[in-house]
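Examination of the molecular architecture
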Amino acid sequence: MATGFFDGIERVRYEGADSTNPMAYRHYNPDEIVLGKRMEEHLRLAVAWWHSFAYEGGDPFGGSTLVRPWHPQDNMENARLKVDVAFEMFEILGTPFFCWHDADIRPDQGDLAGNVAKLDEITDYIAEKMEHSSTRCLWGTANMFSHRRWMGGASTNPDPDVFAFAAATVKSCMDATKKLGGANYVLWGGREGYETLLNTDLGRELDHMGRFLTMVVDYKHKIGFEGTILVEPKPQEPSKHQYDYDAATCIGFLRKYGLENEVKLNLEQGHAILAGHSFEHELAVAAADGMLGSIDMNRNDYQSGWDTDQFPNNTPEVALAYYEVLRAGGFATGGTNFDARIRRQSIDPEDLIASHVGGFDICARGLKAAAAMIEDGGLEAARRERYAGWETDRGKAMLASDLESVAAKALAEGINPNPRSGRQEILENYVNRFV
Ligand code: XLS
Ligand code: NI
Ligand code: NI
């Protein structure tokens, strides 16, 4: 039976770029073939349970602004109602995937056994809903940052009992993700970091985090979970110093603990901005090491210095992000999760739908622009030309040589290299033809 929450809102359909209907897709056309593959299969768009259904509109200065029939979120009846509404929204949008934390879908019981039991119960209910839906689970994860027990970290907590609580929590979330056929399992190091070095044994905490992740990987193999394990870098918030600062830091961490072939990265636009990078930089860093797993699509405020998790709306930025994704060969198990929430004044059910309509559309538009650039080949041709010297026998031989021989040859030949233009503006103008 319908919940009535979205009464009056119809299934969103593709109407083409000329449509002026605010509740229609102008670019998101799931069946459209882009570079030989359906658009839906390229993007693998996902709705985030925490922002769309669990967020109540609070900010550091005030509490709830969103009034929902599934509030208060402290009992199973409302948790089930929330699931019903979620699947109605997935249907309206034609959502391919969803993502969740344990805390988004089950009411907190305040103790381990209770939390695990309720997670099992609610994911049974979600699994039933999935039987009558085409929406799949992109990933599950554990919220190990909201409750006060996690204030000093989860796997990096000074108290071994918190490590144990974290292990049991992640195990239950991995079991639930497997039950829901999840394509990935994500670990974002919520409070894995520190506030002050004065009380922190940094080296020990990193070792514990490495050991914890190794346990996660071992358990994945033990239960035959076929999805990818992903870690999500973020530089600040909530801890002053987050251990998973950015893509490069995470890659170094994974190599240190021998996990580079087991774990990939889930990269988020807003986190890249907080780290002082562009999103495409983070994607390129991960791709260069074969570790680009999945993305959290959103948009961060460029001035405020905190994670605003807005819906994306900048075509050139999104196009450059998907350009890196396509260049890396596209998503395998990963996808595009909208780690984005409506603003606290956007209180209507319609806002919840419209925000995703815009998000789906901007990703579709960015993907099409990126694909057009790939097909045209202009950027790759320019790059090839710029590095052409390294494709010559001379360039290759030098890399296989040693410092002394290279130096001797350079002196003997009397080389005096001529600088060449980097052609940045020409390339920026080129990109602007597509976006
Ligand atoms: C927070 C993170 C979080 C992860 C999942 O900033 O983006 O939402 O994606 O725990
Ligand atoms: Ni985030
Ligand atoms: Ni995220």
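Shown above is the structure to which this text applies.
What comes next is a walk through the structure. (Residues numbered from 1 in each chain as written. Chains lettered and ligands numbered in written order. Predicted model: local features only at pLDDT ≥ 70, side-chain atom pairs only at ≥ 80, totals over all residues. Heavy atoms only, no water.)

Topic: the overall build of the protein chain
Worth spelling out the cut-off: Helix numbering and strand numbering both begin at the N terminus, where a helix is a DSSP run of H or I of at least 4 residues and a strand a DSSP run of E of at least 2. Only the C-alpha atoms count toward the radius of gyration. The rule for a globule is 2.2 Å times the residue count to the power 0.38. Buried, partly exposed and exposed residues are distinguished by accessible area as a fraction of the type maximum, computed with a 1.4 Å probe on protein chains only: under 20%, between the cut-offs, and over 50%, respectively. Here, two residues are considered to be in contact whenever any of their heavy atoms come within 4.5 Å of each other.
The helix and strand inventory of the protein chain stands at 16 helices and 12 strands. Scaling as 2.2 N^0.38, a compact globule of 435 residues should have a C-alpha radius of gyration of about 22 Å, and the protein chain matches this with 23 Å. Along the first, second and third principal axes, the C-alpha atoms of the protein chain reach 80 × 60 × 45 Å. Split into buried and exposed, the 435 residues of the protein chain put 50% on the buried side. If you take every contact in the protein chain between residues at least 6 apart in sequence, the share linking residues at least 24 apart comes to 76%.

Focus on the coordination of the nickel ion (ligand 3)
This is how it is decided: Here the coordinating atoms are restricted to nitrogen, oxygen and sulfur within 2.8 Å of the metal centre, or 3.2 Å for Na, K and Ca, and because water is not among them the sites may look incomplete. Every geometry call rests on angle ranges, with four donors termed tetrahedral when all angles are between 85 and 135 degrees, four termed square planar and six termed octahedral when opposite donors are over 155 degrees apart and all others are between 65 and 115, and everything else termed irregular.
Taken together, E232 (OE), E268 (OE), D296 (OD) and D339 (OD) make up the full set of protein donors to the nickel ion (ligand 3), lying 2.0 to 2.1 Å away. Relative to the metal, the six donor atoms surrounding the nickel ion (ligand 3) lie at angles of 82 to 174°, and the coordination shape comes out octahedral. Linear spacing of the donor residues for the nickel ion (ligand 3) on their chain is E-x35-E-x27-D-x42-D. Taken as a pair, the nickel ion (ligand 3) and the nickel ion (ligand 2) show a spacing of 3.7 Å, with E268 coordinating each metal. Remark: E268 occurs in strand β10 (residues 263-268) and E232 occurs in strand β8 (residues 228-232); sequence separation between them is 36 residues.

Concerning the coordination of the nickel ion (ligand 2)
Protein coordination at the nickel ion (ligand 2): the donors are E268 (OE), H271 (NE2) and D307 (OD), at 2.1 to 2.7 Å from the metal. Between the donor residues of the nickel ion (ligand 2), the gaps in sequence give the motif E-x2-H-x35-D. For E268, a relative accessible area of 2% translates into the label buried. Relative accessible area serves as the criterion here: at 7%, D307 is assigned to the buried category.

Structural notes on the environment of P69
Its place among the elements puts P69 in the loop between α2 (49-54) and α3 (76-93). P69 sits in the partly exposed class, given a relative accessible area of 46%. Separated by 45 residues in sequence, P69 and A24 have C-alpha atoms that sit 26 Å apart. The residues contacting P69, other than those within four sequence positions of it, are F5, N78 and L81.

Let's talk about the site of ligand 1
The criterion, for reference: We call a residue near a molecule or strand as soon as one heavy atom of that residue lies within 4 Å of the molecule or strand. Here a polar contact means two N or O atoms within 3.5 Å. Within protein one must be a hydrogen donor candidate and the other an acceptor candidate, and residues neighboring in sequence count only if both atoms are side-chain atoms. Each accessible area is a Shrake-Rupley result for a 1.4 Å probe, and residues are judged covered by the shown protein chains and nothing else. Gly is put with the polar residues, along with every residue not named as nonpolar or charged; the nonpolar set is Ala, Val, Leu, Ile, Met, Phe, Trp, Tyr, Cys and Pro, and the charged set is Asp, Glu, Lys and Arg.
Residues in close proximity to ligand 1 include W50, H101, W139, W188, E232, K234, E268, H271, D296, D307 and D339, which together make up its full environment. Side-chain polar atom of H101 to an oxygen atom of ligand 1: 2.7 Å apart, as the coordinates give it. Interatomic distance of 2.8 Å between a side-chain N/O atom of K234 and an oxygen atom of ligand 1. For ligand 1, the protein covers 94% of the area, taking 290 Å² as the surface of the free molecule. Its residues placed into classes, the shell around ligand 1 shows three nonpolar, two polar and six charged.

Overview of the sheet that holds strand β12 (residues 336-338)
We count it as follows: At least two DSSP bridges between two strands are needed for those strands to be called paired. Note on method: axes are straight lines fitted to C-alpha atoms, helices fitted across the in-contact stretch only, with angles between N-to-C directions ranging 0 to 180 degrees.
Here eight strands make up a closed barrel; going around it, the order is β3-β4-β5-β6-β8-β10-β11-β12 and the pairing parallel. Strand-to-strand twist of the sheet, defined as the mean angle between neighbouring strand axes without regard to direction, takes the value 30°. Bridge count for strand β3 (residues 45-48) against β12 is three bridges, and the pairing is parallel. From the neighbouring strand, L45 faces β12, where its bridge partner is T336. On top of the sheet, helix α10 (residues 279-288) reaches β10 and β11 (292-297); it is set at about 165° to β11, its chief contact. Where helix α11 (residues 315-327) meets the sheet, its contacts fall on β11 and β12, and the angle it forms with β11 comes to roughly 165°.

Remarks on helix α6 (residues 160-179)
What counts here: Expected span, for any helix, means 1.5 Å times one less than how many residues it has.
In this model, α6 (20 residues) spans 29 Å end to end at C-alpha, consistent with the 28 Å of a helix rising 1.5 Å per residue. One side-chain oxygen at the N-terminal end of α6 lies 2.9 Å from the backbone nitrogen of D161; it belongs to D159. Of the residues one or two after α6, G181 is the one with positive phi, at around 70°.

Describing the nonpolar core
Quick reminder of the rule: Only buried residues count toward a nonpolar core. Its members are Ala, Val, Leu, Ile, Met, Phe, Trp, Tyr and Cys residues joined through side-chain atoms within 4.5 Å.
Counting 106 residues, the largest nonpolar core has W49, W100, L213, L265 and Y322 as its most contacted members. If you tally residues by element for this core, the top one is helix α12 (residues 349-376), at 11 residues. Among all residues touching Y322, those that are not within four sequence positions of it are L43, I295, M297, F331, T336, C363, G366, L367 and A370. Counting nine residues, the second-largest nonpolar core is a separate cluster that includes A48, W50, L138 and V186.

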